[in-house]
Amino acid sequence: ELGSIFKTFTVALALENKIVDAHTTLENIPSNIKCSIHEITDMKEHPKNLSVEEILVRSSNVGSVLLAKKIGEEKFKEFIHKTKLTKNPDIELEEVGNPHQINWNKCKLETVSFGHGITTTPLQAVLVYASLANGGKIIKPNLIKNTKNNKTKRLVSEKTSIEIINILRKVVTDKNGTASLADVDGYYIGGKTGT
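Residues numbered from 1 in each chain as written. Predicted model: local features only at pLDDT ≥ 70, side-chain atom pairs only at ≥ 80, totals over all residues. Heavy atoms only, no water.

1. Details of the environment of Gly 190
Applied cut-off: Each helix is a run of H or I in the DSSP string that is no shorter than four residues. Each strand is a run of E no shorter than two, and both are numbered from the N terminus. Here, two residues are considered to be in contact whenever any of their heavy atoms come within 4.5 Å of each other.
Tracing the chain through its elements places Gly 190 in the segment after helix 7 (158-173). Each C-alpha atom of the pair Gly 190 and His 100 lies 29 Å from the other, and the pair is 90 residues apart in sequence. Setting aside residues up to four positions removed in sequence, Gly 190 forms contacts with Leu 168, Arg 169 and Val 172.

If you want it as C-alpha cells, here you go:
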C-alpha cells in the first residue's frame, strides 16, 4: 500500500470528470467518516472548509473520501483498469512485482481514494505520475534505449495534467504542504508524500 500518493489520482479523476475544479471548496468537512465498522480520520486537524487543491496539498484522507464518493465506484474502477495499477508491470524484466487483486467490497472506494486497501508496484505508480505530468499521455516503461514509445492513449486531458502539476508543486512550496523539505533552489519540484 503506497498510501497518500493515491490522493493525486483521486483529485486528477475528479478534475478530469469535471466534478470539481481545483478551487472548488468542500464545506463542513467532518473530522471523521464512518465506513462500516471503521473510522476514517486525518493525521492532523484541518480547516472545516478545504478547496480540492488544499485537500491534496494538506493530504486530507477525509477530503479524498468525499471526492471519491462524488466520482463514484464505476469511474474509479475504470481509472484503475486504464492505468493497469493492479496488473503486473510490462517491462523488459523477468521478475516483476505482482499487485494483489482488489475485492471491491464495503469501504474499498473510500480507502483506495487515499491509498489504502490497494497495492501496486512503485514502477506502476511512477508511470501514472509520469502520465499525469507529461500532458496526460500514457507511456510504456522500457529499459532499452531508443525504444519507440507511442504516447497516443490519454489518461487525462492536457488541462487536467497542468492543474495536477501546479497542485503537486504547491505540495512542496505551500506553507501547509506536506513536502516542504523537497523544495530545492534551482529545481521546479512537485510531488506528493506517501506512506
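What follows continues from the structure just given.
2. Topic: the pattern of salt bridges
Note the cut-off: What counts as a salt bridge is simple: a side-chain nitrogen of Lys or Arg found within 4 Å of a carboxyl oxygen of Asp or Glu. Burial here depends on accessible area, computed with a 1.4 Å probe over protein chains only, as a share of the maximum for the residue type. Under 20% is buried, over 50% is exposed, and the range in between is partly exposed.
Using the criterion set out here, one finds six salt bridges in the structure. Lys 170 is the partner of Glu 53 in a salt bridge, and the nearest nitrogen-oxygen pair spans 3.1 Å. Residue Glu 53 is found in helix 2 (residues 52-58), and its partner Lys 170 is found in helix 7; the two are separated by 117 residues along the sequence. Given a relative accessible area of 13%, Glu 53 falls into the buried group.

3. A short note on helix 4 (residues 73-83)
Put simply, the test is: When we speak of the arc, we mean the arc of directions from the helix axis to the C-beta atoms.
Regarding helix 4, the residues found buried are Phe 76, Phe 79, Ile 80 and Thr 83. For helix 4, the buried positions fall inside an angular range of 95° around the axis, keeping them on one side. Exposed and facing more than 90 degrees away from the buried side of helix 4 are Glu 74, Glu 78 and His 81. Looking at the packing, one finds that the buried side of helix 4 touches helix 1 (6-16), helix 3 (61-71), helix 5 (108-112) and helix 6 (122-133). Directly beyond the C-terminal end of helix 4, a positive phi value near 60° is found at Lys 84.

4. Re the state of the cysteines
Rules: By definition, disulfides here are pairs of cysteine sulfur atoms that lie within 2.5 Å.
Overall, the coordinates contain one disulfide when judged by the stated rule. Between the sulfur atoms of Cys 35 and its disulfide mate Cys 107 the distance is 2.0 Å. Linking Cys 35 and Cys 107, the disulfide has an S-S dihedral of approximately -125° and is accordingly described as left-handed. Taken together, the residues span a long stretch of sequence, with Cys 35 in strand 2 (residues 32-35) and Cys 107 in the loop between helix 4 and helix 5 at a distance of 72 residues. Across the pair, Cys 107 and Cys 35 agree in class, each one buried.

5. Some remarks on the pairing of strand 3 (residues 38-41)
Condition: Only strands that DSSP links by at least two bridges are regarded as paired with each other.
Pairing of strand 2 with strand 3 involves four bridges; the strand directions are antiparallel. Note that in strand 3 the partner of Cys 35 across the bridge is His 38. With antiparallel pairing between neighbouring strands as the criterion, strand 2 and strand 3 make up a hairpin whose turn holds two residues, including Ser 36 at a positive phi of roughly 55°.

6. What about the layout of surface pockets?
Stated precisely, the cut-off is as follows: Using protein atoms alone on a 1 Å grid, points that fit a 1.4 Å probe yet trap it form a cavity, whereas open point sets bounded by protein on both sides within 12 Å along at least five of seven lines form a pocket; residues with an atom within 4 Å of a point count as lining. Grid points are joined across faces, edges and corners, and a volume is the space filled by probe spheres set on the points. Under the scheme applied here, ten amino acids are nonpolar (Ala, Val, Leu, Ile, Met, Phe, Trp, Tyr, Cys and Pro), four are charged (Asp, Glu, Lys and Arg), and all others, including Gly, are polar.
As a volume, the second largest pocket reaches approximately 180 Å³. Around the second largest pocket, the lining is made up of 13 residues, and of these Ser 4, Lys 7, Met 43, Ser 59 and Asn 61 lie nearest the centre. Partitioned by chemical class, the residues of the lining of the second largest pocket number two nonpolar, eight polar and three charged.

7. Describing the packing of helix 1 against helix 3
The condition that has to hold: Fitting a line to C-alpha atoms yields each axis, with helices limited to the stretch in contact; the angle taken between N-to-C directions then spans 0 to 180 degrees. These descriptions rest on fixed angle ranges, namely under 35 degrees for roughly parallel, over 145 for roughly antiparallel, 65 to 115 for roughly perpendicular, and the rest for oblique. Less than a right angle of anticlockwise turn of the near helix away from the far helix marks a crossing as left-handed, whereas a clockwise turn marks it as right-handed.
Where helix 1 meets helix 3, the axes come as close as 9 Å, and the angle between the chain directions of the two elements is 40°. When the axes of helix 1 and helix 3 are compared, the pair comes out oblique. Where helix 1 crosses over helix 3, the handedness of that crossing is left-handed. Across the interface between the two elements, Lys 7, Thr 10, Val 11, Leu 13 and Ala 14 of helix 1 pack against Asn 61, Ser 64, Leu 67, Ala 68 and Ile 71 of helix 3.

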